[in-house]
Structure formats: structure tokens, C-alpha cells
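Architecture and fold: a report
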Amino acid sequence: MNFRRALFALASLCIASTATAQLVVPAGSSFALGGGDVDLASSGVQVGGLLSVAGGRILDAANVAILAGGTLDGGSGQIVLSGDWSNAGNFIPGSGSVNFVDGGAPSQIGGSTGFANLSFVTASGKNYVFAAGSTQTIAGLLTIAGTAAQPIQFRSSAAGQVANINLLAGGSQSIVHVGVSDVHATGQHLAPNLSNEGGSGNATGWFAAIVAQTAIPATALSPIGLLLFALALLAVVWHSRRYRFNS
């Protein structure tokens, strides 16, 4: 029975038109890549059963959708996509990587997911839109890379409502040229030596801290503080007059 289900899942790759071919694993079925590669030619992945990447690679995917009740096991492999990521089921990160690359419209990131290694790379200033209220957690390497001319953009799906990125304490980051709008860093401080390039702000936990230097008004001093301040001024005036008299 499992063999027949695996064949059914595999058959969904073998559609005559490669432009519409998808990797579909229906509910109740399973499919494992082992050490193999699947090039989806900009088509999608839909997981209602169990899809095991193991040591393989899913390349040139458009959208990846983990349906309710579905499990995508990342193993030690690689998933490369240019479209949306939606997780209403279960993603097992393993030690592998999920890599977002350029391609078409802004990518929507739906659901909260834990990743081993996660990357977003664009040369076109692509927007990545995270579902408000969601949290993406990264245990290993987080890579975010735009260009000086066209910085990558991270945004919440609803202006003023926050989405979160949580790089765990043991993780590492490689970040250049990014703009952030309504996305908070709730784990490690992200891009601490950079500035917000093109984002509208509300980027708690990102970028270099700006320390405001504000003079303390005299009214903020206590009565004792005011007395000591006045005595100090009198001492300065007295010494100044004594110096002029002696000279």
C-alpha cells in the first residue's frame, strides 16, 4: 500500500506539460527524495502527507505549501524556491537549508516555522512579506542579501502589525542591504552595524542603536541638587573675581 502511495506521489511529477508539473504528496501518502534532486522548473510543492527531502534537493520551486496534517522533513537537504512559503502543518528542519531566490512577485511567508538554515537573496530589491503575528525561528545561519542599488525588503502583511524573526543564540547571521518595516528581531540583534535601507521602521531588534543625548533641565534637579549647582556657580564667580583682583 505504501509503495502504491509513493508511486502516486511520484506520478504527480510526470505531467506532460513541465510548466504545470508539481510535486504533490497527498494526505496519507509519503515520498522520499533520498539523495536525489528534483528540478520543478518554477512549479510548486504541495504536501498533505509526508515528504522527506533527506539528503536530496528540491530545486527551482515556485510555491511550497505544507497543508494541515502534512509534514515536510527537510533532513540534510536543500529547498530552493522563488515564490511563497505557507506552513499550516509541520516542517522538520533537520540540518538542511531553505533558500529564497529572485523570481516574480513579492514572496508571502505564512505560518510560523522553525528552520535550520534560511536565506533570502535578491538582486532586484524583492519584497518578502511575513504574516502578521507569525514568527520564523532560525537555529543556524540566517542570510539576508540585497544590493546597494536595490536593497531587499522585509515587511509585515499588515502595516503596523508586527511579524517576528528569531535568530537563536547559537545561530549566525550574514546580512547586507536590507530594509525592514514592521518586522521585529526577537532573538539575536540583527544587522547591528547596518542602517534601515528603504524600510519604514518599526524594526525593533535591528540595526545600529541610536543613543539620544538630552540635556537635563534644571527643574529635573532635586532641591539639594539645585543648591549644590548654585554653590558651584558661586565658587566659579568668586575664583574669577579673585583672579582679576590679584592680577
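Our subject is the structure that appears above.
The notes below deal with the structure included here. Nothing here was measured: the structure is a model prediction, and the numbers come from that model.

**Describing the overall build of the protein chain**
Looking only at helices and strands, the protein chain features two helices and 21 strands. Relative to its full complement of 247 residues, the protein chain shows a buried share of 39%. Of the contacts formed within the protein chain by residues at least 6 apart in sequence, a portion of 31% connects residues at least 24 apart. Just so you have it, the protein chain exposes about 12500 Å², and 61% of that area is on carbon and sulfur atoms.

**Brief notes about the side chain of Ser 134**
By the element assignment, Ser 134 lies in the loop between strand S14 (127–130) and strand S15 (135–138). Look at Ser 134 and you get buried, because its relative accessible area is 5%. For Ser 134, the side chain forms a polar contact with the side chain of Gln 136, separated by 3.4 Å. Not counting residues up to four positions away in its chain, the partners in contact with Ser 134 are Gly 111, Ser 112, Ala 163 and Asn 164.

**Things to note about the pattern of salt bridges**
Counted by the stated rule, this structure contains one salt bridge. Ionic pairing is found between Arg 57 and Asp 37, a salt bridge with its closest N-O pair at 2.7 Å. You can see Arg 57 sitting in strand S5 (residues 57–66) and its partner Asp 37 sitting in strand S3 (residues 37–47), a full 20 residues away along the chain. Classification of Arg 57 as partly exposed rests on a relative accessible area of 34%. Take Asp 37: its relative accessible area is 44%, and that puts it in the partly exposed class.

**What to know about the sheet that holds strand S9 (residues 90–92)**
Pairing within the open sheet is parallel, and its four strands lie in the order S2-S4-S6-S9. This sheet does not close on itself; its edge strands, each paired only once, are strand S2 (30–32) and S9. Mean inter-strand twist for the sheet, computed between neighbouring axes without regard to direction, equals 10°. When S2 meets strand S4 (residues 50–52), the two strands line up parallel, connected through three bridges. The residue of S4 that forms the bridge with Phe 31 is Leu 51.

**Examining unusual backbone geometry**
Phi at Asn 202 takes a positive value of approximately 55°, unusual for a residue other than glycine. As for its position among the elements, Asn 202 is in the loop between strand S21 (183–185) and helix H2 (223–246).

**What to know about the sheet that holds strand S18 (residues 163–167)**
Two orientations exist for strands paired in a sheet by backbone hydrogen bonds: parallel and antiparallel. As summarised here, the arrangement of the four strands in space is S12-S15-S18-S21, forming an open sheet in which the pairing is parallel. Each end of this open sheet is capped by a strand with a single partner; those strands are strand S12 (113–115) and S21. Averaged over all pairs of adjacent strands, the angle between strand axes in this sheet comes to 15°, irrespective of strand direction.

**Re the environment of Gly 56**
Counting through the fold element by element, Gly 56 comes out in the loop between S4 and S5. With relative accessibility at 0%, the residue Gly 56 sits in the buried group. With 20 residues separating them in the primary sequence, Gly 56 and Gly 36 have C-alpha atoms 4.7 Å apart.

**Considerations on the nonpolar core**
Ile 58, Trp 85, Phe 120, Phe 154 and Trp 206 are the most contacted members of the largest nonpolar core, which totals 45 residues. Ignoring any residue separated from it by four or fewer positions in sequence, one finds Phe 154 in contact with Phe 120, Tyr 128, Phe 130, Ile 144, Ile 165, Gly 179, Val 180, Ser 181, Val 183 and Trp 206.

**Some details on the side chain of Ser 107**
The residue Ser 107 is located in strand S11 (residues 107–110) in this model. Only 3.3 Å separates the side chain of Ser 107 from the backbone oxygen of Ser 82, close enough to count as a polar contact. Leaving out residues up to four positions away in the same chain, Ser 107 has contacts with Ser 82, Gly 83, Asp 84, Lys 126, Asn 127, Tyr 128 and Val 129.

**So, the pairing of strand S20 (residues 178–181)**
Here S20 shows two buried faces, one formed by Val 178 and Val 180 and the other by Gly 179 and Ser 181. As judged from the four bridges shared by strand S17 (residues 152–156) and S20, these two strands associate in the parallel manner. The partner of Phe 154 across the bridge, within S20, is Val 180.

**A few points about the pairing of S15**
Residue alternation in S15 divides its side chains into a buried set, Gln 136 and Ile 138, and an unburied set, Thr 135 and Thr 137. Here three bridges tie S12 to S15, and the two strands are oriented parallel to one another. Among the inter-strand pairings, Phe 115 is bridged to a residue of S15, identified as Ile 138. When S15 meets S18, the two strands line up parallel, connected through four bridges. The residue of S18 that forms the bridge with Thr 135 is Asn 164.

The rules behind each value
- Residues numbered from 1 in each chain as written.
- Predicted model: local features only at pLDDT ≥ 70, side-chain atom pairs only at ≥ 80, totals over all residues.
- Heavy atoms only, no water.
- Helix = DSSP H or I, 4+ residues; strand = E, 2+ residues; numbered from the N terminus.
- Buried < 20%, exposed > 50% of the residue type's maximum accessible area, 1.4 Å probe, protein only.
- Contact = heavy atoms within 4.5 Å.
- Areas by Shrake-Rupley, 256 points an atom, 1.4 Å probe, with all protein chains shown as cover.
- Polar contact = N/O pair within 3.5 Å; in protein donor to acceptor, adjacent residues only side chain to side chain.
- Salt bridge = Lys/Arg side-chain N within 4 Å of Asp/Glu carboxyl O.
- Pairing = 2+ DSSP bridges.
- Axes fitted to C-alpha atoms, helices over the stretch in contact; angles between N-to-C directions.
- Core = buried A, V, L, I, M, F, W, Y, C linked by side-chain atoms within 4.5 Å.

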